[in-house]
Amino acid sequence: MLGNFCYHNATKLYFGPDSLEYLNEELPKYGKTVQLIYGGGSIQKNGIYEAVVAILKANDKTIVEDGGVMPNPTIEKVRDGVRIAREGKADLLLAVGGGSCCDYAKAVAVSVHCEEDPWEKYYVRYEEPDCKILPVGCVLTMAGTGSEMNGGSVITNHAIKRKAGHVFGPEVMPKFSILNPKFTMSLPRRQMIAGIYDIFNHICEQYFSGEDDNTSDYLAEALMRSVIHSSRIAVQNPQDYEARSNIMWSATWALNTLISRGKATDWMVHQIGHAVSAWTDATHGLTLAAVSLPYYRLILPYGLQKFVRFAAEVWKVDPTGKTELQIAEEGLAAMKQWMKELGLPLSIGKLGATADMIEGIADSTNLLRGAYHKLSRAEVVQILKESI
Ligand code: NZQ
Ligand code: ZN
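Described below are features of the structure shown in this document. For every chain, the first residue of the written sequence is number 1, and numbering continues from 1 along that sequence. Lettering of chains starts at A and numbering of ligands starts at 1, both following the order in which they are written. Totals for whole chains, interfaces and linings use all residues, but because this is a predicted model, local features are given only for residues with pLDDT of at least 70 and pairs of side-chain atoms are given and counted only at 80 or more. Each side-chain value is worked out from all heavy atoms of the structure, with water and hydrogens disregarded.

**Some points on the packing of aromatic side chains**
Each aromatic pair joins two rings of Phe, Tyr and Trp (for Trp, the six-membered one) with centres within 6.5 Å, and gets the label stacked for planes under 30 degrees apart, edge-to-face for over 60, and tilted for any other angle. Inspection of every chain in the model, using the stated rule, returns 21 aromatic pairs. Taking 6.0 Å as the distance between ring centres and 50° as the angle between the ring planes, the aromatic pair formed by Trp 315 and Trp 338 counts as tilted. Taken together, the residues Trp 315 in the loop between helix H12 (304–313) and helix H13 (324–342) and Trp 338 in helix H13 connect sequence positions 23 residues apart. Per-residue accessibility, obtained with a 1.4 Å probe over protein chains only, is compared with the maximum for each type, and a residue is labelled buried under 20%, exposed over 50%, and partly exposed between these values. The class of Trp 315 is buried, set by a relative accessible area of 12%. Residue classification places Trp 338 among the buried positions, given a relative accessible area of 0%. In textbook terms, an aromatic cluster arises when at least three aromatic residues are bridged by ring pairs, as seen for Tyr 197, Phe 200, Tyr 207, Phe 208, Tyr 295, Tyr 296, Phe 307, Phe 310, Trp 315 and Trp 338. We call a charge positioned over a ring when the NZ of a Lys or the CZ of an Arg lies within 6 Å of the ring centre and within 35 degrees of the ring normal. A cation over a ring is seen here: Lys 161 above Trp 279, with NZ or CZ 4.9 Å from the ring centre. Over the ring of Tyr 218 we find Arg 309, and its NZ or CZ is 4.7 Å from the ring centre. Numbering of helices and strands starts at the N terminus; helices are DSSP runs of H or I of at least 4 residues and strands are runs of E of at least 2.

Spelled out as structure tokens, the structure:
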């Protein structure tokens, strides 16, 4: 049953192979100085940097450079970005990159005019911003996180081995995002599959909860089928525009709050994945892949009906002559087969985790209420041991 909810998405999207042109429509809405945020150099290699700078110059903008945003952006880098924005008097934060650049831009946006330390305020106390917020725009180069159309901002603090996400409100979400699927074509295969699994797991995190008849779950099933279909094409031919564009659009809808409306959510795979990243700095989507199967096998008995539905609707498992448990397990087996086809790592050991880290990773895991079952710390250890 759908209860009370609000749906408000503040981000304007431009999609397609010519969408960068729309930067010309957006830039005049903001002040003269643009802080150009990007990562470790991919946009210089694939020509996106040059194209964006040309448009900024044509619009008579002053560019303040802020490169070097690392995957799993750190709180130290956020503090540095705040300094750059203050010194440069930035009017717009333009993130050109993947989820890391976009998340980082949001963290800087809420910190430039804030006297308090951003880690303590936003990632420990989870307070809402009470200062002026700088506008964020995004030119997306990697499909996965959904950061282009949500308020999520995930930041890592290596000193205390914590990776924490704050979901900010509409005022922090990108004012606009430009999604050109062609920009994702230069992604290394490992990043492409990491993004694909991230999308899929975002949908799972919102799907595996509740047993009622809910429109959000039908939407989730359609998105999952689209991701599975397009990913199978994309791994064979990464240059297939149709597949890459479907993947990019699915990523946005997987985590722009639509499919969580009116229902509970889970997010425990993400909590464990974040803890693995906090210890290993491993790629986000790959950490999710490595811990998903042991987690879903563990919660399956608590949410059996939904796992049966997942098997039937997403993986087209034939139920004839099978018990509910067999159908549900076949669904997870089909999911595992798909993950292997993509080449995803199914072990945290392959991501740099070692057995002596397991207790520490469990300590770094935020234990949420969960959807069907609240994990104990001992169960987190069990999942990690199965995945090592
Ligand atoms: O840094 P550069 O040189 O740009 O290289 C990046 C980076 O090494 C590369 N890349 C991106 N686009 C490329 C490209 N290489 C070649 N061609 C391109 N077109 O890919 C690498 C990964 O980029 P990154 O931005 O880190 O990936 P992703 O988009 O997966 O973002 C991951 C971050 O987002 C957080 C994750 O935890 C992680 O910190 N998340 C954010 C969420 C949100 N805002 O709602 C939700 C997610 O669950 C996730 O937690
Ligand atoms: Zn994710």
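Next comes the rest of the description.
**Let's talk about the coordination of the zinc ion (ligand 2)**
Ideal coordination angles are 109.5 degrees for a metal with four donors arranged tetrahedrally and 90 or 180 degrees for a metal with six donors arranged octahedrally. Each protein donor to the zinc ion (ligand 2) is listed here as Asp 198 (OD), His 202 (NE2), His 270 (NE2) and His 284 (NE2); together their distances run 1.9 to 2.2 Å. All donors of the zinc ion (ligand 2) come from a single chain, and their spacing in sequence reads D-x3-H-x67-H-x13-H. Here His 202 is found in helix H7 (residues 189–207), whereas its partner His 284 is found in helix H11 (residues 284–299), with 82 residues between them in sequence. Comparing His 202 with His 284, the two get one shared label, buried. Water is not part of the atom set, so a site may look incomplete; the donors themselves are N, O and S atoms within 2.8 Å of the metal, or 3.2 Å for Na, K and Ca.

**Remarks on the side chain of His 373**
By the secondary structure assignment, His 373 is in the loop between helix H14 (358–364) and helix H15 (377–387). Side-chain polar atoms of His 373 contact the side chain of Glu 379, separated by 3.0 Å. With sequence-adjacent residues up to four places away left out, His 373 is seen in contact with Leu 298, Ile 299, Tyr 302 and Glu 379. Here a polar contact is recorded for every N or O atom pair within 3.5 Å, except that within protein the pair must consist of a potential hydrogen donor and a potential acceptor, and residues adjacent in sequence are included only if both atoms are side-chain atoms. Throughout, a residue-residue contact means that at least one pair of heavy atoms, one from each residue, lies within 4.5 Å.

**Topic: the sheet that holds strand E1 (residues 12–15)**
Two strands are said to pair when DSSP picks up at least two bridges between them. Strand order across the open sheet formed by 6 strands is E1-E8-E5-E4-E2-E3, with parallel pairing between neighbours. Of all the strands in the sheet, the pair left with one neighbour each is E1 and strand E3 (62–66). On average, adjacent strands in this sheet sit at an angle of 20° to one another, irrespective of strand direction. Pairing between strand E2 (residues 33–38) and E3: 5 bridges, direction parallel. The partner of Leu 36 across the bridge, within E3, is Glu 65. Note on geometry: axes are lines fitted to C-alpha atoms, helical ones only across the stretch in contact, with angles between N-to-C directions running from 0 to 180 degrees. Against the sheet, helix H5 (residues 99–109) touches E2, E3, strand E4 (92–97) and strand E5 (136–140), its axis set at about 165° to E4. Of the strands in this sheet, E1, E5 and strand E8 (176–179) touch helix H9 (residues 241–254), which is tilted by about 175° from E1.

**Examining the pattern of salt bridges**
We define a salt bridge as a contact between a side-chain nitrogen of Lys or Arg and a carboxyl oxygen of Asp or Glu at a distance within 4 Å. Within the structure shown, the criterion is met by 20 salt bridges. Among the ionic pairs, Glu 127 bridges to Arg 125, the shortest N-O distance being 2.6 Å. Judged by relative accessible area, Glu 127 falls into the partly exposed class, the value being 28%. What emerges from the salt-bridge pattern is a single network uniting Asp 66, Lys 77, Asp 80, Arg 83 and Glu 87.

**Topic: the nonpolar core**
For this analysis, a nonpolar core means a set of buried residues of the types Ala, Val, Leu, Ile, Met, Phe, Trp, Tyr and Cys, connected via side-chain atoms within 4.5 Å. If you look at the biggest cluster of nonpolar residues, it comprises 74 residues, and the most contacted ones within it are Phe 200, Tyr 296, Phe 310, Met 335 and Trp 338. Residue ranges assigned to the domains are those given by an automatic or database domain assignment. Each of domain 1 (12–183) and domain 2 (189–387) gives at least three residues to this core. Sequence-distant contacts of Phe 200, defined by excluding residues within four places in its chain, comprise Met 224, Ile 228, Phe 310, Trp 315, Met 335 and Trp 338. Listed in part, the 28 residues of the second largest apolar core include Ala 109, Leu 134, Ile 155 and Phe 168.

**Some points on the site of ligand 1**
The rule for a residue being near a molecule or strand is that one of its heavy atoms must lie within 4 Å of it. As a matter of local geometry, ligand 1 sits amid 31 residues, with Gly 40, Ser 42, Gly 99, Ser 100 and Asp 103 nearest to it. Between ligand 1 and Asn 150, the relevant distance is 2.9 Å, taken from an oxygen atom to a side-chain nitrogen or oxygen of the residue. The accessible surface values rely on the Shrake-Rupley method and a 1.4 Å probe; as for residues, cover is taken only from the protein chains in view. Here ligand 1, which alone exposes 960 Å², has 90% of that area covered by the protein. When residue character is reported, Ala, Val, Leu, Ile, Met, Phe, Trp, Tyr, Cys and Pro are called nonpolar, Asp, Glu, Lys and Arg charged, and the others, Gly included, polar. The residue inventory of the shell around ligand 1, partitioned by class, reads 8 nonpolar, 20 polar and 3 charged. No fewer than three residues from each of domain 1 (12–183) and domain 2 (189–387) sit in the shell around ligand 1.

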